[in-house]
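Structural characterization, general
Letter by letter, the chains look like this.
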Amino acid sequence: MGRLKVKGKAGAAKNFTTRSQAVKKLHWSLRFYSFLGIFPREPRSRKKANKGSSAPTSFYYTKDIAYLAHEPVLKKLREHKAFAKKLSRALGRGEWSAAKSLEDNKPVYRLDHIIKERYPTFIDALRDIDDALCMIFLFATLPSTTRLPREIVENCARLAAEWQLYIMHTHSLRKVFLSIKGVYYQAEVMDQTITWLIPYSFTQNVPPDVDLRVMLTFLELYQTLLGFVNFKLYTDATLVYPPPLDAKKDDTAAGVGAFSLQTAEVQVKKAAEKIKSVAVDGRTVTGKDVRQTIKSITAASGEQESGDSEMAELEENVEEEEAFVPQTSHTQVASDLPTLQTLSSLPTSSTSNLFAPYTFWISREVPRSVFEFLIRSFGGRVGWPASSGSGSPFDESDENITHVIIDRPSVQKEETPAQRDLRLRRKFVQPQWVVDSINASKILLEDTYAQGKSLPPHLSPFGEYNGAYDPTAEAEAGDDVDMSDVEEEEAEEAASDDEETEPSKDNVEAALASVTEDPATLRAAELAAEAAGMDYGTFEAKVKKASKKSSAKSSKSSKTVEDAEKDMNKMLMSNKQRKLYEKMKYSQQKQAAENDKLESRRRKLQKDKATQ
């Protein structure tokens, strides 16, 4: 006899747990579930999952809730809750020594194990770093409030600066886009494409109706993730992590210039020098002095030969221990898996040193943090005025400056011959020139982006979808169409003026009607027009007009045939396929309408410019 099935003990009722049951089992609020990677699930039958009830509720997997019951973070959070109760009780009673003892032994949780569980390999962490970067760069620009502690903002700013320093050091940046939301960056790190958004440096206000608790929960996880990623990247590049910070430069708004990148070899040498030399009674004693003292002692005791041999053996052993002998690894690695050696040996892009031959000067109105990062990421040297922050490697009078990035209209002012000569030897460009040159992977002409000129359209280099409007692709063709339309309209107007005086207009119209159907009748139409006294330009305009009408009729007839075929095909589709097809066609029509709208605006602007 088979096992008896009990209602509510098997199937969906066993696999799913309601929200109230999960809270009752774990004794903890729901806001930490998503923090630990547990999200609501939708069962196939909500009625079966809820044991016959149709009341609206959220469902979780029973296995996920059982997994959370053994989570170390949840245990630490419960300990912290008990600690908070004990601390408030001690403060209320005035037991200051007990409160200080509790504060010293406060429970602290770490999220390292969650990062290791979610990302088994480093490449997995890099693939999922986009959201972490966007969140951390956002909080790095926010002001500290009672709801947002200062320590969190400072930590986010430090992590963001470390990431930018690595991108500049390795020249990993590839594309940039200046949008309304902020600046989009795209880099290639270990053959992984990473895109993130940095908001503009404006004064930010945190709205009071925004719930920061959920965002701070994710931010805590993202800070741990980015800390791991930065440590791994710096270590693989033989750089010291965390990079040393100069507090004085940081106080004077030096930005990323307040950090100094140091290789691990320099740090090892400094540590070795500290170990080899020891200060005794104000005198520095090195390892060589110690060995000489030992030699003199052994020589005085008559054991010079044995002492020398022992010292020689000791020195040889020390040298053998200190010397690093590389050994070949016998571990077999699958050829299809990427390793650090294969990723580091990837060919670098030819555009990584795009600005290496140039030296830039950033004017005070240009956002220095953005363009310093861009120029240094592509090998260029950059300086800025003192009003934009300290740490500039050179001043404005430097003769090596080749480009000046300026974003204000040109003003005529008196200048000395030396100043005029210096100005003529430099290129004054607008900030968009830097971004467009990066996206084009080449140095563009500076005259198009000169100071005070109207800029060309700044397009997204990411190519989100096909069929997007591109004003540069149709500019030349659009100009030709506009000129032909103008000429055609003028010819039609002249033809309409001549039609009033034509004696045999009906004969000419009849001859023109058959031109598109049979090209052999073109000669007869020309003879009829000549007999009617019509000039050749008017005749050509009428031929074009008649051909347009015939082509429109043929296209309309072909369109009706295509629509009929599409209707027949739609009848053979399933309901799901039909809905998907209609949704796709709706998006295409919407995109086409938007492109037509933008194209009409462009034509209108060109027409107004031509009339002016």
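Summary of the structure given here. Fair warning: this is a prediction, and the values are worked out from it, not measured in the lab.

Our next topic: the overall build of the chain. Within the chain, the regular secondary structure consists of 24 helices and eleven strands. Residues classed as buried in the chain amount to 29% of the 612 residues present. Long-range pairs, those at least 24 residues apart, make up 63% of the contacts in the chain between residues at least 6 apart in sequence. As displayed, the chain has an accessible area near 40,800 Å², and 53% of this comes from carbon and sulfur atoms.

So, on to the pairing of strand β5 (residues 192-198). When you tally the buried positions in β5, you get five out of seven residues, the bulk of the element. In this structure, strand β4 (residues 183-189) lies alongside β5, joined through seven bridges in antiparallel fashion. Counterpart to Val 189 in the pairing with β5 is Gln 192. In this structure, the hairpin formed by β4 and β5 is closed by a connection of two residues, where Met 190 is found at a positive phi of approximately 55°.

A few words now on the side chain of Thr 17. Within the element layout of this structure, Thr 17 appears in strand β1 (residues 16-18). By relative accessible area, Thr 17 is classed as buried at 10%. Side chain to side chain, Thr 17 and Thr 62 meet in a polar contact 2.9 Å long. Sequence-distant contacts of Thr 17, that is, excluding residues within four places in its chain, are made with Ala 22, Ser 58, Phe 59, Tyr 60 and Thr 62.

Where charged atoms of side chains with opposite charge meet at close range, the side chains can pair. Applying the stated rule across the entire model yields 18 salt bridges. Between Arg 127 and Asp 124 there is a salt bridge, with the nearest N and O atoms lying 3.5 Å from each other. With a gap of three residues between them, Arg 127 and Asp 124 both fall in helix α8 (residues 122-127), about one helical turn apart. On the basis of relative accessible area, Arg 127 is assigned to the exposed category, the value being 53%. Since its relative accessible area comes to 24%, Asp 124 is described here as partly exposed. Between Glu 151 and Arg 150 there is a salt bridge; the shortest N-O distance is 3.8 Å.

Judged by pairing direction, the sheet is antiparallel, and its three strands sit side by side in the order β3-β4-β5 without closing on themselves. The open sheet has two edge strands with one neighbour each: β3 (173-178) and β5. Strand-to-strand twist in this sheet, taken as the mean axis angle between neighbours without regard to direction, amounts to 15°.

Note the cis peptide between Tyr 241 and Pro 242, where omega equals -5°. Here Pro 242 lies in the loop between α11 (212-236) and α12 (247-251). The phi dihedral of Met 190 is positive, around 55°, even though this residue is not glycine. By the secondary structure assignment, Met 190 is in the loop between β4 and β5. With relative accessibility at 14%, the residue Met 190 sits in the buried group. A positive phi angle, near 60°, is found at Ala 253, a position not held by glycine. Position of Ala 253 among the secondary structure elements: in the loop between α12 and α13 (264-276).

It is worth spelling out the sheet that holds strand β8 (residues 359-362) at this point. The strands making up a sheet associate through hydrogen bonds between their backbones, and the pairing can be parallel or antiparallel. Read from one edge of the open sheet, four strands run β9-β8-β10-β11, paired in parallel fashion. Each edge of the sheet is formed by a strand with only one pairing partner; in this case those strands are β9 (381-383) and β11 (427-429). Neighbour-to-neighbour, the strand axes of the sheet open up by a mean angle of 25°, direction not taken into account.

Moving on, we get to the packing of helix α10 (residues 150-170) against α11. Two elements in contact, α10 and α11, have axes whose closest approach is 10 Å; the angle formed by their N-to-C orientations is 35°. Seen along the crossing, α10 lies across α11 with a hand that is left-handed. Side by side, α10 and α11 meet where Ile 152, Asn 155, Cys 156, Leu 159, Glu 162, Trp 163, Leu 165 and Tyr 166 of the first sit next to Leu 216, Leu 219, Gln 223, Leu 226, Gly 227, Val 229, Asn 230, Leu 233 and Tyr 234 of the second. Of the residues in the contact of α10 with α11, the class split is twelve nonpolar, four polar and one charged.

Per the counting criterion, the structure on display carries 17 aromatic pairs. With a centroid separation of 6.3 Å and an interplanar angle of 35°, the aromatic rings of Phe 218 and Tyr 222 are classed as tilted. Taken as a pair, Phe 218 and Tyr 222 lie in helix α11 at a separation of four residues, close to a single helical turn. Among the aromatic residues, those joined into a cluster by ring pairs are Phe 355, Tyr 358, Phe 360, Phe 378 and Trp 433. The ring of Trp 384 carries the charged tip of Arg 368 above its face, separated from the ring centre by 4.0 Å.

Further remarks concern the nonpolar core. Among the nonpolar cores identified, the biggest contains 80 residues, and Trp 163, Leu 173, Tyr 185, Trp 196 and Leu 374 are the most heavily contacted of them. Excluding anything up to four places from it in sequence, Leu 173 contacts Ile 167, Tyr 185, Gln 186, Ala 187, Trp 196, Phe 373, Leu 374, Ser 377 and Phe 378.

Conventions used here
- Residues numbered from 1 in each chain as written.
- Predicted model: local features only at pLDDT ≥ 70, side-chain atom pairs only at ≥ 80, totals over all residues.
- Heavy atoms only, no water.
- Helix = DSSP H or I, 4+ residues; strand = E, 2+ residues; numbered from the N terminus.
- Buried < 20%, exposed > 50% of the residue type's maximum accessible area, 1.4 Å probe, protein only.
- Contact = heavy atoms within 4.5 Å.
- Areas by Shrake-Rupley, 256 points an atom, 1.4 Å probe, with all protein chains shown as cover.
- Pairing = 2+ DSSP bridges.
- Polar contact = N/O pair within 3.5 Å; in protein donor to acceptor, adjacent residues only side chain to side chain.
- Salt bridge = Lys/Arg side-chain N within 4 Å of Asp/Glu carboxyl O.
- Axes fitted to C-alpha atoms, helices over the stretch in contact; angles between N-to-C directions.
- Left-handed = near helix turned anticlockwise from the far one by under 90°.
- Nonpolar A, V, L, I, M, F, W, Y, C, P; charged D, E, K, R; others polar.
- Phe/Tyr/Trp six-rings, centres within 6.5 Å; stacked < 30°, edge-to-face > 60°.
- Lys NZ or Arg CZ within 6 Å of the ring centre and 35° of its normal.
- Core = buried A, V, L, I, M, F, W, Y, C linked by side-chain atoms within 4.5 Å.

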